[in-house]
Amino acid sequence: MHDDIRAALARHLPGHADAPVVPLGAGLDNVAYEVGGDLVLRRSRDEDPGERLAAARREAALLTAVAAVSSLPVPEPVFVDEPTALIAYRKLPGAPLHLNPVADPAALAADLAEFLSGLHTALDDGDSPLSALAEVDDTPGEEWLTDAKASYETAAAVIAPADRGRVEAFLAAPPPGPPRRLTFCHNDLGAEHLLVDGASITGVIDWTDAAIADPAVDLSRLYRDLGPDVVERVVARYGGDADAVGPERVAFYARCALLEDIAYGVESGAEEYARLGLAHLDRTFG
């Protein structure tokens, strides 16, 4: 990977060719590196080179379109390197919220509400480029629940016996019906993708999963990571269709996402996912 990074930099930013390269980590979809303290290079983890390049091109176009409707900073594409399928963008200030929790998460609610209002109404005028750049994700609740049950088979090994009953009761209940509407969504809006400096949000990163989807999904990971009280404050200021992000729908997706995180942490050895998932289990299944 380092050789690919050096080659890409030599082609596009020769001044950075010898800059220090520091791993930023690897998620489910991408691996990322910081270069020279001011640049981030990222690549899809897809095994197919053509798919990796397509993902980089799509993300660059998507970030440009998102910047036009986002009230919060998003990464600014610098280049897409075709031979290596690397996308580069300027590093945003701040640090990931999940590693730098704010003392009062409710202080983030107003900015999150404005951000989500702009995002979820971006397609309303009918001519947004986002409609062509984002795929539709209309995964039914039944499929979410099936995946959550599979996640629980792995996650149960680290969930305390006293907590398993309410998780199993959730998995035995029917899922919510189809959403009222689909909107443009970040679609993976967890604390790990929010950058903060003090009590201010300085950026929203990792738009790989952005899609035209159920807007409740964007609230769900905030519910999981920041708690239901913060989400209630966000919805109170929300400029989209508030009925589309009702508490039952949001909680459903939050619980599925939490089980997925714990299972991923157990299976991959990425202890942070399991640790944070378990720390948030009580309020998410409260």
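Look up a bit, the structure's there.
Owing to the predicted nature of the structure, the values given are computational and were not obtained by experimental measurement.

Conventions we followed
- Residues numbered from 1 in each chain as written.
- Predicted model: local features only at pLDDT ≥ 70, side-chain atom pairs only at ≥ 80, totals over all residues.
- Heavy atoms only, no water.
- Helix = DSSP H or I, 4+ residues; strand = E, 2+ residues; numbered from the N terminus.
- Rg over C-alpha atoms; globule rule 2.2 N^0.38 Å.
- Buried < 20%, exposed > 50% of the residue type's maximum accessible area, 1.4 Å probe, protein only.
- Contact = heavy atoms within 4.5 Å.
- Areas by Shrake-Rupley, 256 points an atom, 1.4 Å probe, with all protein chains shown as cover.
- Lys, Arg positive; Asp, Glu negative; His and termini not counted.
- Charge placed at Lys NZ, Arg CZ, Asp CG, Glu CD.
- Patch = residues over 30% accessible without salt bridge, like charges linked within 9 Å, V, L, I, M, F, W, Y side chains within 5 Å.
- Salt bridge = Lys/Arg side-chain N within 4 Å of Asp/Glu carboxyl O.
- Arc of directions from axis to C-beta.
- Core = buried A, V, L, I, M, F, W, Y, C linked by side-chain atoms within 4.5 Å.
- Pairing = 2+ DSSP bridges.
- Polar contact = N/O pair within 3.5 Å; in protein donor to acceptor, adjacent residues only side chain to side chain.
- Axes fitted to C-alpha atoms, helices over the stretch in contact; angles between N-to-C directions.

K.L.:
Honestly, the overall build of the protein in this entry has me stumped. Any pointers?
P.N.:
Assigned secondary structure in the protein consists of 10 helices and 11 strands. At 19 Å, the protein has a C-alpha radius of gyration in line with the 19 Å of a compact globule built from 286 residues. The dimensions of the protein, computed from C-alpha atoms along their principal axes, are 55 × 45 × 40 Å. Scored against the burial criterion, the 286 residues of the protein give a buried share of 50%. When contacts within the protein are restricted to residue pairs at least 6 apart in sequence, long-range pairs at least 24 apart make up 71% of them. Summed over all atoms, the accessible surface of the protein reaches about 12,800 Å², with 50% contributed by carbon and sulfur. Each charge sign in the protein was given a centre, from 23 positive and 48 negative side chains, and these centres are 2 Å apart.

K.L.:
Mind showing me how you'd approach a nonpolar patch on the surface here?
P.N.:
Together, Val-158, Val-266 and Leu-278 give the surface a local cluster of nonpolar side chains, amounting to about 190 Å² of exposed area. Here Val-158 shows up in the loop between α5 (141–155) and α6 (161–172).

K.L.:
What is the right way to read helix α1 (residues 2–12) from this model?
P.N.:
Helical geometry: 3.6 residues make up each α-helical turn, so side chains three or four residues apart lie on a common side. Listed as buried for α1 are Ile-5, Ala-8 and Leu-9. Buried residues in α1, looked at end-on, bunch into an arc of 100 degrees, giving them a common side. Buried residues along α1 sit against β1 (21–26), β2 (30–35), β3 (39–44), β4 (77–81) and β5 (86–90).

K.L.:
Please clarify how the nonpolar core should be interpreted in this entry.
P.N.:
For soluble globular proteins, nonpolar side chains are generally found buried alongside one another. Membership of the largest hydrophobic core comes to 66 residues, with the highest contact counts inside it found for Phe-184 and Trp-207. With residues up to four places along the chain from it excluded, the contact list for Trp-207 reads Arg-42, Arg-58, Glu-59, Leu-62, Leu-63, Val-66, Val-74, Pro-75, Phe-115, Leu-119, Phe-184 and His-186. Of all hydrophobic cores here, the second largest spans 14 residues; its members include Ala-8, Val-35, Leu-41 and Leu-86.

K.L.:
Whenever I open this one, the sheet that holds strand β9 (residues 194–197) confuses me. Can you help?
P.N.:
Neighbouring strands of a sheet are bound in pairs by backbone hydrogen bonds; such pairs are parallel or else antiparallel. With respect to topology, 3 strands assemble into an open sheet ordered β6-β9-β10, the strand pairing being antiparallel. Both edges of this open sheet fall to β6 (95–96) and β10 (200–204), since each of them pairs with a single strand only.

K.L.:
Help me understand the side chain of Arg-43, please; the structure alone is not making it clear to me.
P.N.:
Mapped onto the elements of the fold, Arg-43 is located in strand β3. Take Arg-43: its relative accessible area is 13%, and that puts it in the buried class. For Arg-43, the side chain forms a polar contact with the main-chain oxygen of Thr-84, separated by 2.9 Å. Aside from chain neighbours lying at most four places away, what touches Arg-43 is Met-1, Asp-4, Asp-29, Asn-30, Val-31, Arg-52, Thr-84, Ala-85 and Leu-86.

K.L.:
Sorry, what's going on with the sheet that holds β2 here?
P.N.:
Spatial strand order, β1-β2-β3-β5-β4: 5 strands in an open sheet with antiparallel pairing. Sheet topology places β1 and β4 at the edges, where each strand pairs with a single neighbour. The mean angle between the axes of side-by-side strands here comes to 20 degrees, regardless of whether they run parallel or antiparallel. The sheet contacts of α1 involve β1, β2, β3, β4 and β5, and relative to β4 the element is tilted by about 115 degrees.

Geometry only, nothing functional implied.
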